[in-house]
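Here is how the chains run, residue by residue.
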Amino acid sequence: MNPYGKIDNLSKFINEDFGRGFKYKDDKQSIKMAQMVFDEIIKSNYKNVIFIESGTAPLFKIITLLPEYKVSDINFIQLKIPRDLNFNLFDWFKLYLSKTELNQNVLINNHLLPRCNYLKNLCDKTNLDNLIQKKPFTIIDSINDNFDYNYNILKQFNKVLYGTKLSKFFNSKFLVFDEYINAGTIIRNFNLFAKLFNIKPDFKLSAFCMFLEKPNLVDKIAFTLYSKETELECYTNGAYPFENRIDLIGYYFYSADTFEKIYLDDLLNVLNEGKNCKAFYKTIKDYILKNDLLSKLKSNCVEEQVRNYIRIEDIARYIIKDLEFKLYGISKYYDFLDQVFEIYAPAWSPMPVKNHLDYWNAFEKLKCNIKYSESILRKYKKYRLFILNQILKKFSTYRINWLKRINKKLGEIYEYY
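Thresholds, definitions, all that
- Residues numbered from 1 in each chain as written.
- Predicted model: local features only at pLDDT ≥ 70, side-chain atom pairs only at ≥ 80, totals over all residues.
- Heavy atoms only, no water.
- Patch = residues over 30% accessible without salt bridge, like charges linked within 9 Å, V, L, I, M, F, W, Y side chains within 5 Å.
- Areas by Shrake-Rupley, 256 points an atom, 1.4 Å probe, with all protein chains shown as cover.
- Salt bridge = Lys/Arg side-chain N within 4 Å of Asp/Glu carboxyl O.
- Lys, Arg positive; Asp, Glu negative; His and termini not counted.
- Charge placed at Lys NZ, Arg CZ, Asp CG, Glu CD.
- Helix = DSSP H or I, 4+ residues; strand = E, 2+ residues; numbered from the N terminus.
- Buried < 20%, exposed > 50% of the residue type's maximum accessible area, 1.4 Å probe, protein only.
- Contact = heavy atoms within 4.5 Å.
- Axes fitted to C-alpha atoms, helices over the stretch in contact; angles between N-to-C directions.
- Left-handed = near helix turned anticlockwise from the far one by under 90°.
- Nonpolar A, V, L, I, M, F, W, Y, C, P; charged D, E, K, R; others polar.
- Expected span 1.5 Å × (residues − 1).
- Arc of directions from axis to C-beta.
- Core = buried A, V, L, I, M, F, W, Y, C linked by side-chain atoms within 4.5 Å.
- Polar contact = N/O pair within 3.5 Å; in protein donor to acceptor, adjacent residues only side chain to side chain.
- Pairing = 2+ DSSP bridges.
- Phe/Tyr/Trp six-rings, centres within 6.5 Å; stacked < 30°, edge-to-face > 60°.
- Lys NZ or Arg CZ within 6 Å of the ring centre and 35° of its normal.

Trainee: Is there a simple way to explain a positive patch on the surface in this structure?
Mentor: Among the surface-exposed residues, K275, R378, K379 and K382 lie close enough to one another that they form a single positively charged patch. Inspection of the secondary structure puts K382 in helix 20 (residues 374-416). A residue is classified by how much of its surface remains accessible, and K382, at 46% relative accessible area, is partly exposed.

Laid out in structure tokens, this is it:
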């Protein structure tokens, strides 16, 4: 048994709305998508562009490899906009402001102190949820920014952040790009983040696909390659291939007491190779079979397609991340294993959300059937670092090989032309 084998969370599913299955874009199609996005950015006449991390990161990487990008004057930045606003805001700023900017003296209320002092104090007393109106909202509400804000606090952030590179960016005209704009939560939150730097930001939105009709009639939208009206065409031409792909992204964001950008290669560099993990995987497989966990998990599923998709390997990945949590609690390593678990879960788009949620719920119900012996706990402690090392090395290899293929394909495409 190999719990971390080939990633394929789409080919076994049928979208019942369209009565067919779909595939992700291959390397050549991904390059074409990058060319199309960059062409639209050029046509938009925006010189400053924000890519919302991290599902756009592989696409962003391809764009920066395009010959036409290298001779352009487009200024790109990447920003993570958390879905949950309950996180360490000061650590977020430390991630995106330079040390020089943080240590610069700023004059606030006739007091001259390093920016980080003011900013830390302001972040400590700020609850982001309280800065934006709490109400049910739609994707159009988010796009048109139909919310009320606590401008008093936002203006204080504007003063503290004035003069930073990000503040200059947010005080210019700029374009925002995300892969999918669906429910509108990330865009709602982006509106708030933008106002931390400028209470009246001047920007438009763009995406691979926006799930609304007639986006060309919405003033705040610069472009979208696909919309609700062309959703079938979007998937038929190849679904967006990088959603949840932590292996191709190469990093993830860890938000507990801190807010950190964790690079997989950095995690790998502090772990040593060691024992072959096959013996441990066999122990897990035997435990799953002995306790009939596969049939119990399948019986928890509401969706037949999800039930048919689930394998022993899914349970093994769940058990490994669960053992990590039980023995070591929340950490960047548990978060990594949780992110890995997500990669193998049923695809979000182009499949209905209910498949992914059914997968989650089935495992939640399985919890009561999982009890670990002291022997399994000891074995996990013994093999833990080796398991992490093997997964990280495999994912690092995936990214290296992907970049090699992209560069080779780019060479072929542009040599042809």
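Let us keep going from here.
Trainee: Looking at this structure, how should I read the environment of I370?
Mentor: When you line up the elements, I370 lands in the loop between helix 19 (353-366) and helix 20. I370 sits 92 residues away from K278 along the chain, and the two C-alpha atoms are 21 Å apart. With sequence-adjacent residues up to four places away left out, I370 is seen in contact with Y287, L293, Y318, I319 and D322.

Trainee: Help me out: how do you make sense of the packing of helix 17 (residues 312-328) against helix 19 in this one?
Mentor: Axes are the key here: two packed helices are described by the angle between their axes and the distance separating the axes. Helix 19 packs onto helix 17 with a crossing angle of 65 degrees between their chain directions and a minimal axis gap of 12 Å. Crossing of helix 17 against helix 19: the hand is right-handed. Contact residues: D314, I315, R317 and Y318 in helix 17; Y359, F363 and L366 in helix 19. The class makeup of the residues in the contact of helix 17 with helix 19 is five nonpolar, no polar and two charged.

Trainee: Help me understand the side chain of R245, please; the structure alone is not making it clear to me.
Mentor: Here R245 is to be found in the loop between helix 11 (231-236) and helix 12 (246-249). Setting aside anything within four residues of it in sequence, one finds R245 in contact with I7 and I343.

Trainee: Would you mind going over helix 19 with me for this structure?
Mentor: Residues three or four positions apart in an α-helix share a direction because the helix packs 3.6 residues into each turn. For helix 19, spanning 14 residues, the distance from its first C-alpha to its last is 20 Å, which sits close to the expected 20 Å at 1.5 Å a residue. Among all positions of helix 19, only N355, H356, D358, Y359, A362, F363 and L366 are buried. Looking straight down helix 19, one finds that the buried residues subtend no more than 160 degrees of arc, so they occupy a single side. At its buried positions, helix 19 is contacted by helix 15 (293-300), helix 16 (304-309), helix 17 and helix 18 (332-343).

Trainee: Before we go on, may I ask you to explain the nonpolar core in this structure?
Mentor: Side chains of nonpolar character tend, in soluble globular proteins, to be buried together. Ranked by internal contacts, the top residues of the largest apolar core, which has 96 residues, are F76, F208, I319 and F336. Examining the composition of this core, we find that 15 residues originate from one element, helix 20, more than from any other. Apart from the residues within four sequence positions on either side, F76 is in contact with F38, I41, V49, F51, F60, I63 and Y69. In this structure, I52, L85, I108 and C123 belong to the second largest nonpolar core, which totals 60 residues.

Trainee: Would you mind going over helix 18 with me for this structure?
Mentor: Counted at 1.5 Å a residue, the expected span for helix 18 with its twelve residues is 16 Å, and the 17 Å between its end C-alpha atoms agrees. Most of helix 18 is tucked away: nine of the twelve residues are buried. Where helix 18 is concerned, the buried positions are Y333, Y334, D335, F336, L337, V340, F341, E342 and I343. N-capping of helix 18 is provided by S331, with a side-chain oxygen placed 3.2 Å from the backbone N of Y333.

Trainee: Would you explain the sheet that holds strand 2 (residues 75-80) in this entry?
Mentor: In a beta sheet, neighbouring strands are held together by backbone hydrogen bonds and run either parallel or antiparallel to one another. With parallel pairing, the five strands of this open sheet are ordered in space as 2-1-5-6-7. Bordering the open sheet on either side are strand 2 and strand 7 (221-227), each of which pairs with just one other strand. With strand direction ignored, the average angle separating the axes of adjacent strands in the sheet is 20 degrees. Alignment of strand 1 (residues 48-53) against strand 2, held across six bridges, turns out to be parallel. The residue bridging E53 from the neighbouring strand is K80, located in strand 2. Of the strands in this sheet, strand 1, strand 2 and strand 5 (173-181) are in contact with helix 2 (residues 57-65), which crosses strand 2 at around 165 degrees. In this fold helix 4 (residues 89-96) packs onto strand 1 and strand 2, with an angle of close to 155 degrees to the strand it touches most, strand 2.

Trainee: Teacher, can you tell me more about the packing of aromatic side chains here?
Mentor: For any two aromatic rings, the description comes down to two numbers: the centre-to-centre distance and the angle of the planes. Within the structure shown, the criterion is met by 53 aromatic pairs. Ring centres 5.1 Å apart and planes at 20 degrees place the aromatic pair F174 and F203 in the stacked group. Placement of F174 in strand 5 and of F203 in strand 6 (residues 202-210) is noted, with a sequence separation of 29 residues between them. In terms of burial, F174 and F203 fall into one category: buried. The ring of F203 is capped by K220, whose NZ or CZ atom sits 4.3 Å from the centre of that ring.

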